[in-house]
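Below are the chains, spelled out letter by letter.
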2 protein chains.
Amino acid sequence: MLNEFSVIRNFFSKSQFRRKDVMLGIGDDAAVTMVPAGQYLVTTTDTLLEGVHFKQGTDPSAIAHKSIATNLSDLSAMGAEPSWINLSLSIPSADEEWLETFSGKVHELCEYYSIQLIGGDTVKGNLAVTITAQGFVPPDSYLVRNGAKKNDWIFVTGTLGDAAAGLAILNDELACATNSNRLYLTERHHYPSPRVLAGTALRRMASSCLDVSDGLLQDLQHILEASNVGAVVNLDELPVSKALGETVSELERALELACYGGDDYELLFTVPEEHRVSVESAMSSYNIQCTRIGQITGATNKMELRLRGQSYRFDEVNKGYKHF
Amino acid sequence: MLNEFSVIRNFFSKSQFRRKDVMLGIGDDAAVTMVPAGQYLVTTTDTLLEGVHFKQGTDPSAIAHKSIATNLSDLSAMGAEPSWINLSLSIPSADEEWLETFSGKVHELCEYYSIQLIGGDTVKGNLAVTITAQGFVPPDSYLVRNGAKKNDWIFVTGTLGDAAAGLAILNDELACATNSNRLYLTERHHYPSPRVLAGTALRRMASSCLDVSDGLLQDLQHILEASNVGAVVNLDELPVSKALGETVSELERALELACYGGDDYELLFTVPEEHRVSVESAMSSYNIQCTRIGQITGATNKMELRLRGQSYRFDEVNKGYKHF
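What counts, and at which threshold
Residues numbered from 1 in each chain as written. Chains lettered and ligands numbered in written order. Predicted model: local features only at pLDDT ≥ 70, side-chain atom pairs only at ≥ 80, totals over all residues. Heavy atoms only, no water. Least-squares fit on C-alpha atoms with pLDDT ≥ 70 in both. Contact = heavy atoms within 4.5 Å. Salt bridge = Lys/Arg side-chain N within 4 Å of Asp/Glu carboxyl O. Helix = DSSP H or I, 4+ residues; strand = E, 2+ residues; numbered from the N terminus. Buried < 20%, exposed > 50% of the residue type's maximum accessible area, 1.4 Å probe, protein only. Axes fitted to C-alpha atoms, helices over the stretch in contact; angles between N-to-C directions. Parallel < 35°, antiparallel > 145°, perpendicular 65-115°, else oblique. Buried area = accessible area lost by both parts, 1.4 Å probe. Polar contact = N/O pair within 3.5 Å; in protein donor to acceptor, adjacent residues only side chain to side chain. Pairing = 2+ DSSP bridges. Right-handed = clockwise from strand over helix to strand, strands pointing away. Domains from an automatic or database assignment. Nonpolar A, V, L, I, M, F, W, Y, C, P; charged D, E, K, R; others polar. Patch = residues over 30% accessible without salt bridge, like charges linked within 9 Å, V, L, I, M, F, W, Y side chains within 5 Å. Areas by Shrake-Rupley, 256 points an atom, 1.4 Å probe, with all protein chains shown as cover. Lys, Arg positive; Asp, Glu negative; His and termini not counted. Charge placed at Lys NZ, Arg CZ, Asp CG, Glu CD. pLDDT = per-residue confidence, 0-100. Expected span 1.5 Å × (residues − 1). Phe/Tyr/Trp six-rings, centres within 6.5 Å; stacked < 30°, edge-to-face > 60°. Lys NZ or Arg CZ within 6 Å of the ring centre and 35° of its normal. Left-handed = near helix turned anticlockwise from the far one by under 90°.

Asks: So what exactly am I meant to see when it comes to the relation of the copies chain B and chain A here?
Replies: The pair of chain copies shares a relation made of a rotation about an axis and a shift along it. Once chain B is rotated about the relating axis by 180 degrees and shifted along it by 0.0 Å, it coincides with chain A to within an RMSD of 0.0 Å. What the rotation and shift describe, once combined, is the action of a two-fold rotation axis. Taken as a fraction of all interface residues of chain B, those also at the interface in chain A reach 100%, which identifies the copy contact as same-surface.

Right, here's the structure in full:
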């Protein structure tokens with residue numbers, strides 16, 4: 001059985017991606033790093049628990065991916081460029097094979113995103129992963145939730161509902177006709193892609209931004225409340241993947257997944273008309289799918305859903321992810 | 001039942017201590033802060049789990065205190081000045097009374113240490129607290145583990161073994177004759193004091209430093225391995241509190257607690273002879289007890305214990321805290 005020191009040494013401090021702004025990484029009481037002159041530091045923390053955020057027996061590679069992706073997604077929603085992560089890992093035992101796979105994915109993602117794992121903690125307990133991610137943003141260009149103004153356009157990156165459909169498939173609540181669709185949707189659940197490039201591209205152009213983790217409508221409501229505005233959402237415009245469209249043929253069910261499904265980690269943001277074309281061409285030049293799904297209104301906190309020009313209501317309300 | 005948003009709003013974002021270098025605190029996807037020009041950022045993460053780091057039923061005030069103190073202790077061991085914390089809280093249910101007490105202590109400590117809670121996460125699960133603490137240190141004055149040199153003096157702040165004795169009392173493994181000693185020792189277990197002032201005072205003077213969390217000898221071994229040196233420790237010199245001395249009369253047992261007891265969060269550091277007097281007077285001027293307990297030798301990784309001038313061996317070895 002390994003002790004904490006060999007866990008850190010064997011799996012997390014070896015052969016890792018190194019940045020020049022890390023003076024002292026893993027192995028001391030704390031890490032010492034340097035934020036570039038004139039930039040602000042952006043910090044976020046997210047915890048994933050077995051049985052809550054991922055099923056027992058989930059591939060450690062998917063757990064590592066999702067833990068890092070959710071945090072980088074939060075940084076992206078601020079327009080920040082990620083730099084370093086801290087990892088606190090609670091594991092029932094120091095299972096070497098599990099740790100090898102988990103840490104391998106951590107190192108792979110660090111290299112992919114040019115970020116460095118600078119520290120953390122390993123404790124013995126139920127499986128849980130807490131990541132704290134840090135990054136930078138130039139002053140006055142970070143993206144907030146409370147800046148949406150009347151008439152701003154509402155955009156979302158990528159497609160909606162895939163991760164929720166993937167989870168439903170894994171839970172045997174949704175049947176999937178083809179293996180490729182099954183794979184696509186479950187991978188969207190296990191391996192979400194943080195929109196790092198989109199986030200930095202939106203600096204100074206988006207009037208508000210967040211990432212869709214709890215479901216489109218619930219997350220849009222956060223923007224409305226923070227900004228003291230309302231919104232019209234055109235359900236006809238919601239971007240749905242080919243795989244989701246083929247798997248869920250009933251319109252109401254597809255809309256529910258797109259509106260209430262969590263864990264897509266797409267960016268939801270608002271853009272004043274003056275920046276609309278710039279945003280659309282920036283996204284297009286980065287090959288990032290980006291769809292205008294509605295518009296901000298002056299009707300405080302009020303959200304109107306429209307389908308084929310008519311007001312639309314779901315049978316039940318408040319289907320977003322509940323934490324408690 | 002409260003949901004995540006009201007937990008954050010009700011307990012953690014209200015009436016909190018605010019710093020001018022926090023551009024955006026709790027409530028968005030991430031926090032935005034400013035590291036002072038010319039300073040390095042220092043970051044550390046620690047997780048405390050119920051049943052591992054604290055007993056079931058522990059006062060939420062003690063859990064909050066210990067979670068923050070262990071992290072500030074790590075920053076202190078780097079010579080850093082603490083600035084901000086992130087809190088990830090896993091709780092089985094949103095018990096308002098528990099949260100009121102826990103968050104009250106978080107706010108109290110933030111105010112006491114002039115730090116701000118800038119973000120976090122709340123999830124539903126077994127009770128666990130992960131804190132990420134951040135702070136600053138001037139370049140080239142942070143304290144590391146690998147700088148101890150032959151002939152440097154070994155010092156420790158405060159007294160050793162109290163927290164372990166407190167835990168033994170709570171576990172009914174140690175009897176305590178007086179209520180005041182019982183209170184003193186159990187409080188040392190529940191409410192450790194991070195040595196923030198001592199840490200910053202040691203900048204540029206200590207050749208190595210860490211905080212005693214796993215037990216004196218195990219932590220000293222980390223310095224020896226990192227610095228590639230050895231040490232002589234004079235057990236006669238180990239600082240033991242009056243309460244511990246009165247509670248544990250048998251010498252071998254008292255020494256064991258002082259050498260192997262964890263969770264004291266005192267600073268263990270080495271000082272070259274040229275800085276010895278400066279360190280002793282700095283500590284004295286801050287009223288911080290500070291004891292010279294041994295000396296660094298050239299015998300790589302070898303630790304010699306001495307009692308009354310003779311080499312000493314404990315009956316069993318390797319009694320430090322095991323994480324797995």
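Asks: What am I meant to see in the pattern of salt bridges here?
Replies: It is possible for side chains bearing opposite charge to pair when their charged atoms get close. On inspection of all chains with the given rule, the structure shows 28 salt bridges over all chains. As a salt-bridge pair, B:R253 and B:E256 come within 3.9 Å of each other at their nearest N and O atoms. Pair noted here: B:R253 and B:E256 are both in helix α9 (residues 251-260), with a separation of 3 residues, about one helical turn. Look at B:R253 and you get partly exposed, because its relative accessible area is 29%. Each of A:D162, A:R188, A:R195, A:D264 and A:E266 takes part in a single network of salt bridges with overlapping partners.

Asks: Would you take a moment to explain the packing of helix α4 (residues 162-170) of chain A against helix α5 (residues 179-190) of chain A for this structure?
Replies: The description of two helices packed together rests on the angle between their axes and the distance between the axes. Residue and element names in this part refer to chain A. With their axes 7 Å apart at the nearest point, α4 and α5 run at an angle of 110 degrees to one another. Taken as axis vectors, α4 and α5 run roughly perpendicular relative to one another. Residues D162, A163, A165, G166, L167, I169 and L170 of α4 form the contact with α5, whose participating residues are R182, Y184, L185, T186, R188, H189 and H190.

Asks: Please explain the interface of chain B and chain A as it appears in this structure.
Replies: Interface size is commonly expressed as the accessible surface area that is lost when the partners come together. Between chain B and chain A, the contact holds 61 residues from the first and 61 residues from the second. Here chain B packs against chain A, burying approximately 4800 Å² in sum over the two surfaces, 58% of which is carbon and sulfur. Between A:R145 and B:D29 there is a salt bridge; the shortest N-O distance is 3.1 Å. Viewed at the interface, chain A and chain B are joined by 17 residue pairs in polar contact (both at pLDDT 80 or more).

Asks: I would appreciate a short explanation of the pairing of strand β5 (residues 116-124) of chain A in the present structure.
Replies: Sheet faces and side chains relate simply in a regular strand, where the side chains alternate between the two faces. All names here are of chain A. Along β5, 7 of the 9 residues are buried, which leaves the element largely enclosed by surrounding structure. In terms of strand pairing, strand β4 (residues 81-91) meets β5 through 8 bridges, oriented parallel. The residue bridging L89 from the neighbouring strand is T122, located in β5. With helix α3 (residues 96-113) bridging β4 and its parallel neighbour β5, the resulting β-α-β unit is right-handed.

Asks: Got a minute to help me understand the domain arrangement of chain A in this structure?
Replies: Residues and elements named next belong to chain A. Splitting chain A by domain gives domain 1 (4-137) and domain 2 (153-311). The straight-line distance from the C-alpha centre of domain 1 to that of domain 2 is 27 Å. Listed as interface residues are 22 residues of domain 1 and, on the opposing side, 18 residues of domain 2. We note a salt bridge from D263 to K66, for which the minimum N-O separation is 3.2 Å. Run the count over domain 1 and domain 2 and you get 8 residue pairs in polar contact (both at pLDDT 80 or more). The set of elements that each furnish at least two residues to the side of domain 1 that touches domain 2 consists of α2 (60-77), β4, α3 and β6 (128-137). When residues in the side of domain 1 that touches domain 2 are grouped by element, the largest group, 11 residues, is from α2. Taken together, the residues of the side of domain 1 that touches domain 2 break down into 9 nonpolar, 7 polar and 6 charged.

Asks: Where do I start with a negative patch on the surface in this structure?
Replies: Together, A:D95, A:E96, A:E97 and A:E100 make up a region of like negative charge exposed at the surface. Turning to its location among the elements, A:E100 is positioned in helix α3.

Asks: Before we go on, may I ask you to explain the pairing of strand β7 (residues 153-157) of chain B in this structure?
Replies: All names here are of chain B. By the criterion of burial, β7 is predominantly enclosed, with 5 of the 5 residues buried. Here β7 shows a buried face lined by W153, F155 and T157 and a second buried face lined by I154 and V156. As paired strands, β7 and strand β10 (residues 267-271) are joined by 4 bridges and run antiparallel to one another. In the sheet register, F155 faces β10, and the bridge partner there is F269.

Asks: I keep staring at the confidence of the model for chain A and nothing clicks. Help me out?
Replies: Looking at chain A, pLDDT values average 93 and 95% of them are 70 or higher. Reported confidence for the predicted complex is 0.93 by ipTM and 0.93 by pTM.

Asks: Just checking my understanding: could you explain α2(A) for this structure?
Replies: Every α-helical turn comprises 3.6 residues, leaving residues that sit three or four positions apart pointing alike. Residue and element names in this part refer to chain A. The end-to-end C-alpha distance of α2 is 26 Å, a good match for the 26 Å that 18 residues give at a rise of 1.5 Å each. Counted residue by residue, α2 has 18 buried out of 18 residues, so it is predominantly covered. Positive backbone phi, at 80 degrees, marks G79, one or two positions downstream of α2.

Asks: So what exactly am I meant to see when it comes to the packing of aromatic side chains here?
Replies: Geometry of an aromatic ring pair is reported as the spacing of the ring centres plus the angle between the planes. Inspection of the entire model under this criterion finds 16 aromatic pairs over all chains. With a centroid separation of 5.0 Å and 70 degrees between ring planes, the pair formed by B:Y260 and B:F314 is classed as edge-to-face. Here the residue B:Y260 occupies a position in helix α9, and B:F314 occupies one in the segment after β13 (310-311), the gap between them amounting to 54 residues. Of the residues examined, B:Y260 reaches a relative accessible area of 13% and is grouped as buried. Sitting above the plane of the A:W153 ring, A:R292 keeps its charged end 4.3 Å from the centroid.

Asks: Can you walk me through the side chain of B:T132 in this structure?
Replies: Relative to the assigned elements, B:T132 resides in strand β6 (residues 128-137). Exposure remark for B:T132: the relative accessible area of 0% places this residue in the buried category. Discounting residues that sit within four places of it in the chain, B:T132 has contacts with A:T45, A:T132, B:T43, B:T44, B:T45, B:W84, B:I85 and B:N86.

Asks: Would you take a moment to explain unusual backbone geometry for this structure?
Replies: When glycine is set aside, most residues are seen to have a negative phi, and most peptide bonds are trans. Residue and element names in this part refer to chain A. Even without being a glycine, D140 presents a positive backbone phi close to 60 degrees. Take D140: it is sitting in the loop between β6 and β7 (153-157). A positive phi is found at N151, a non-glycine position, where the angle reads about 80 degrees. In this structure N151 comes out as partly exposed when scored by relative accessible area, which is 45%.

Asks: Could you clarify how one ought to interpret the environment of A:N126 in this entry?
Replies: Within the secondary structure, A:N126 sits in the loop between β5 and β6. Between the alpha carbons of A:N126 and A:S88 there is a distance of 12 Å; along the sequence they are 38 residues apart. Contacts of A:N126, omitting those with residues within four sequence positions, involve A:S90, A:I91 and B:N126.

Asks: Explain the sheet that holds strand β2 (residues 31-33) of chain B here, please?
Replies: Whenever strands of a sheet pair, they do so through backbone hydrogen bonds, lying parallel or antiparallel. The strand order across the open sheet built from 6 strands is β5(A)-β4(A)-β6(A)-β3(A)-β2(B)-β1(B), with neighbouring strands paired in mixed fashion. Each edge of the open sheet carries a strand with a single partner, namely β5 of chain A together with β1 (22-24) of chain B. The mean inter-strand angle of the sheet, taken between neighbouring strand axes irrespective of direction, is 20 degrees. Taken strand by strand, α2(A) contacts β3 (40-49), β4 and β6 of chain A, and its axis lies near 145 degrees from that of β3(A).

Asks: Could you clarify how one ought to interpret the packing of helix α2 (residues 60-77) of chain B against helix α3 (residues 96-113) of chain B in this entry?
Replies: All names here are of chain B. The contact between α2 and α3 brings their axes to 7 Å, and the two run at 35 degrees. When the axes of α2 and α3 are compared, the crossing they make is right-handed. Facing α2, whose interface residues are P60, S61, I63, A64, H65, I68 and L72, α3 presents W98, T101, F102, K105, V106, L109 and Y113. For the contact of α2 with α3, a count of residues per class yields 10 nonpolar, 3 polar and 1 charged.

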